[in-house]
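Secondary and tertiary structure notes
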Amino acid sequence: MNNRLGDLGVPDWFVQEEQHHGDIETPHDGSENDADAQSEEMRNFFSHVEYLQDTISQISSATTEITRLNEEALLATTSAREKELSTALEPCIRSTNADAKRAKDILGLLREDNSRIAREGGNDADLRVRDNLVNTLTRKFIAEMKVYQQAQKKYRADIKAKVRRQVQIVKPDATEEQIDAVFRDGARGGGGGGGGGVGC
C-alpha cells in the first residue's frame, strides 16, 4: 500500500512511515512473531486513520471558511473587495478538493486491505476494528463532503443573486441570458461574479 499512497500525493512523513514499515504479510503459523507483525500492521492502519481524521477536520474548516467568505462577499460594496474575497476562496477550494480526493482514495485502499486480510484469514478482532473504523470514517467523510459541497453551491447561488440585483438596478428588464453573461464575466475576472473558484 505504501507505494500507492505516495502516488496519491500523501504528505512525505506519511509515505516515509509506510516505506519504513512496508506491507506486512501476517504470518499464521503460530510463531511468536505473529503478535508483533499484527500490531505493526495495526499501527500502520491507525496512522492512516489519523491522517483521514485530520483531513476530514480540514474539510470541515474549509466549509466554515467558505461560509465566512460568502457572508463577507454579500456585504461587499466594491468590486475590489469582491475580487479580494474571490481570490482568497480559490486556493481554499483547490487545496480542499485535492485533500478530499486523497482521502477518498485512501479509504478505498483501506477497504481493499481489509478485504485482503479477510481472505487471508487475518486476526478477527483486528479485522472488526478495521472494518468499524473504515465504515465510520467513510460515513463521516461523505457527510462532511455533502456539507462542503452545499457551502460551495450556496456561495455560487448567493453571488449570482447579488449580480442579478445589481444588473436589475441598472437594467430592470434584463433577461436571464444577460444576467448570466454578467455573472460569467465577473466569475472569470474574479470581480462581481466572485464565483470563479467555486465551480469545482
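Values in this document were obtained by computation on a predicted structure and should not be read as measured data.

Observations concerning the overall build of the chain
Broken down by element type, the chain carries six helices and zero strands. Counting from the amino terminus, the chain carries its helices and strands in the arrangement α-α-α-α-α-α. If you sum the accessible surface of the chain, you get close to 11100 Å²; carbon and sulfur atoms cover 51% of it.

Examining the nonpolar core
Soluble, globular proteins show a tendency: their nonpolar side chains are buried together. Counting residues in each nonpolar core, the largest one holds 34 residues, and the members touching the most others are Leu52, Ile66, Phe141, Tyr148 and Tyr155. Going through the elements one at a time, helix H3 (33-75), helix H4 (79-119), helix H5 (124-170) and helix H6 (176-189) are the ones with two or more residues in this core. Sorting elements by how many residues they give to this core places H3 first, with eleven residues. Excluding anything up to four places from it in sequence, phenylalanine 141 contacts Ile56, Ile59, Ala100, Ala103, Lys104 and Leu107.

Observations regarding the packing of H4 against H5
In the contact formed by H4 and H5, the axes pass within 10 Å of each other and the chain directions differ by 160 degrees. Considered as vectors, H4 and H5 are oriented roughly antiparallel to each other. The handedness of the crossing between H4 and H5 is left-handed. Per-class residue counts for the contact of H4 with H5 are 15 nonpolar, seven polar and seven charged.

Concerning H5
For H5, built from 47 residues, the straight-helix expectation of 69 Å at 1.5 Å per residue is met to within 8% by its first-to-last C-alpha distance of 69 Å. For H5, the N-terminal capping position is held by asparagine 123, with its side-chain oxygen 3.0 Å away from the main-chain nitrogen of alanine 125.

Here's the deal with the pattern of salt bridges
Side chains carrying opposite charge are able to pair once their charged atoms draw close together. Tallied over the full model, the rule gives 14 salt bridges. The shortest N-O distance in the salt bridge between glutamate 82 and lysine 162 comes to 2.9 Å. Here glutamate 82, found in helix H4, pairs with lysine 162, found in helix H5; they are 80 residues apart in sequence, far enough to count as distant. An identical accessibility class is assigned to glutamate 82 and lysine 162; each is buried. Overlapping salt bridges, with partners in common, bring together Glu65, Arg68, Glu72, Arg81 and Glu84 in one network.

Quick word on the side chain of threonine 96
Position of threonine 96 among the secondary structure elements: in helix H4. On the accessibility criterion, threonine 96 (6% relative accessible area) is buried. With residues up to four places along the chain from it excluded, the contact list for threonine 96 reads Ile59, Ala62 and Tyr148.

Description of the environment of threonine 96
Taking the C-alpha atoms as reference points, threonine 96 and glutamine 58, 38 residues apart in sequence, are found 7.5 Å from one another. Only 2.7 Å separates the side chain of threonine 96 from the backbone oxygen of cysteine 92, close enough to count as a polar contact.

Concerning H4
When the terminal C-alpha atoms of H4 are compared, their 60 Å separation across 41 residues agrees well with the 60 Å that a helix rising 1.5 Å per residue should span. Just past H4, the residue glycine 121 takes up positive phi, approximately 70 degrees.

A closer look at the confidence of the model for the chain
When pLDDT drops low, the exact placement of atoms in the prediction is not to be read closely. When pLDDT is averaged along the chain, the result is 78, and 74% of the positions lie at 70 or above. For the stretch residues 189-200, pLDDT sits under 50, and the model shows 38 contacts to residues farther than four places along the chain or on other chains.

So, the environment of threonine 63
Here threonine 63 is to be found in helix H3. Taking relative accessible area as the criterion, threonine 63 reaches 8% and is therefore assigned buried. For the pair threonine 63 and threonine 96, spaced 33 residues apart in sequence, the C-alpha separation works out to 9.3 Å. Once residues within four sequence positions are removed from consideration, threonine 63 is found in contact with Glu144, Val147, Tyr148 and Ala151.

Cut-offs and rules
Residues numbered from 1 in each chain as written. Predicted model: local features only at pLDDT ≥ 70, side-chain atom pairs only at ≥ 80, totals over all residues. Heavy atoms only, no water. Helix = DSSP H or I, 4+ residues; strand = E, 2+ residues; numbered from the N terminus. Areas by Shrake-Rupley, 256 points an atom, 1.4 Å probe, with all protein chains shown as cover. Core = buried A, V, L, I, M, F, W, Y, C linked by side-chain atoms within 4.5 Å. Buried < 20%, exposed > 50% of the residue type's maximum accessible area, 1.4 Å probe, protein only. Contact = heavy atoms within 4.5 Å. Axes fitted to C-alpha atoms, helices over the stretch in contact; angles between N-to-C directions. Parallel < 35°, antiparallel > 145°, perpendicular 65-115°, else oblique. Left-handed = near helix turned anticlockwise from the far one by under 90°. Nonpolar A, V, L, I, M, F, W, Y, C, P; charged D, E, K, R; others polar. Expected span 1.5 Å × (residues − 1). Polar contact = N/O pair within 3.5 Å; in protein donor to acceptor, adjacent residues only side chain to side chain. Salt bridge = Lys/Arg side-chain N within 4 Å of Asp/Glu carboxyl O. pLDDT = per-residue confidence, 0-100.

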